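# Architecture and fold: a report
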Amino acid sequence: MVLTTAFVLHVLSGALWTGATLYVVYATLPRATDGTLGRDAFVDAAHRLLMVTRWTGVVLPATGAYMIWRLYTPLEALATTGRGRAVLAMLSLWGVMNGLVELGVLRMRREVDPEVGWGRYMAEGFPIDALDGVGRTPGSARLAAVARPYLLASAGLAVLLLVDAALLAGGVPV
Ligand code: HEM
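One structure accompanies this document, and this report is about it. (Residues numbered from 1 in each chain as written. Predicted model: local features only at pLDDT ≥ 70, side-chain atom pairs only at ≥ 80, totals over all residues. Heavy atoms only, no water.)

## Examining the coordination of the iron atom of the ligand
Under the convention used in this document: With water excluded from the atoms, a metal site may look incomplete; its donors are any N, O or S atoms within 2.8 Å, or within 3.2 Å for Na, K and Ca. Residue exposure (1.4 Å probe, protein chains only): buried if accessible area is under 20% of the type maximum, exposed if over 50%, otherwise partly exposed.
Protein ligation of the iron atom of the ligand involves His10 (NE2) and Met90 (SD), the donor distances falling in the range 2.0 to 2.3 Å. You can call His10 buried: its relative accessible area is 15%.

## Comments concerning the side chain of Thr28
Let me state the cut-off plainly: Counting from the N terminus, the helices are DSSP H or I runs at least four residues long and the strands are E runs at least two residues long. Here a polar contact means two N or O atoms within 3.5 Å. Within protein one must be a hydrogen donor candidate and the other an acceptor candidate, and residues neighboring in sequence count only if both atoms are side-chain atoms. Residue contacts are counted whenever heavy atoms from the two residues lie within 4.5 Å of one another.
Residue placement: Thr28 occurs in helix H1 (residues 2-33). A polar atom in the side chain of Thr28 sits 2.7 Å from the backbone oxygen of Val24. Each residue touching Thr28, except ones within four places of it in the same chain, is listed here: Tyr23, Leu37, Phe42 and Ala45.

## Brief notes about the packing of aromatic side chains
As a reminder, the rule being used: For this analysis, a ring pair means two rings from Phe, Tyr or Trp (six-membered ring only for Trp) whose centres lie within 6.5 Å, classed as stacked if their planes differ by under 30 degrees, edge-to-face if by over 60, and tilted for the remaining angles. For a ring to carry a charge above it, either NZ of a lysine or CZ of an arginine must fall within 6 Å of the ring centroid while also lying within 35 degrees of the normal to the ring plane.
Applying the stated criterion across every chain, the model contains 2 aromatic pairs. Measuring from ring centre to ring centre gives 5.9 Å for Trp118 and Tyr121, while their planes differ by 75 degrees; the resulting arrangement is edge-to-face. Placement of both Trp118 and Tyr121 in helix H5 (residues 118-124) is noted, with a separation of 3 residues, approximately one turn of the helix. In this structure Tyr121 comes out as buried when scored by relative accessible area, which is 0%. The ring of Tyr121 has Arg54 sitting right over it, with the charged end atom 5.3 Å from the ring centre.

## Considerations on H1
An α-helical turn contains 3.6 residues, so any two residues separated by three or four positions project in the same direction. Put simply, the test is: In this analysis, the expected span of each helix is defined as 1.5 Å times one less than the number of residues it contains. The angle separating two fitted axes, one through the seven residues that finish at a residue and one through the seven that start at it, defines the bend at that residue.
In a regular helix each residue adds 1.5 Å, so 32 residues correspond to 46 Å; H1 covers 45 Å between its end C-alpha atoms and thus fits that length. Remark: the principal bend of H1, roughly 30 degrees, maps to Val25. With its phi angle positive at about 85 degrees, Gly35 sits one or two positions after the end of H1.

## Thoughts on the layout of surface pockets
Counted only if it meets this: Cavities and pockets are defined on a 1 Å grid built over the protein atoms alone: a cavity is a set of grid points where a 1.4 Å probe fits but cannot escape, while a pocket is an open set with protein on both sides within 12 Å along at least five of seven lines, and lining residues are those with an atom within 4 Å of any such point. Grid points are joined across faces, edges and corners, and a volume is the space filled by probe spheres set on the points.
The computed volume of the largest pocket comes to approximately 670 Å³. Taken together, 25 residues make up the lining of the largest pocket; nearest its centre are His10, Leu60, Met67, Met90 and Leu168. The set of elements that each furnish at least two residues to the lining of the largest pocket consists of H1, helix H2 (39-71), helix H4 (82-112) and helix H6 (140-170).

If you want it as structure tokens, here you go:
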């Protein structure tokens, strides 16, 4: 029962996170780049993606670690079986993608607030209140340009994560 609950929370979190990332990249990044989408709307989308990243960033490793404990002990099964290697790939992709989203939104925030430190950024993210009193520049196109490499790479890793999860669901050869 606990394992089933862990699977449900894990899959829901994974779907929410990868889906949110792909949506931001598909629906908001191009419109911010050409200036059709206003700066506040783009910043809000990026901040909400960051919040989804952080909340699921608690649930995914917690449930994933529990699933590893239940399904892959002794732990050498992680290195010696195909499914184990798929799980290690999942863990690695999660770590890199997390870092990319964090850094991408941090780069955006530093465009309007160059002095912001890690502590304040970790506590606040990039709420639209941070734009108060900033004036008209930088606009959405500039913010999209600095976030673009990070967001595109995150979208690529989201696709790889979904492929990895599908291989596990479909039964990776042992
Ligand atoms: C800390 C990072 C993560 C860890 C430690 C982890 C670990 C695991 C483990 C141990 C399983 C069970 C594998 C099995 O059935 O043999 C699993 C399944 C799954 N994971 Fe992750 N995972 C992580 C991140 C993610 C992310 C970011 C996604 C987003 C797509 C994801 C999506 C899934 C899905 C959909 C399944 C179900 C696959 C199945 O049907 O067996 N996981 N994960």
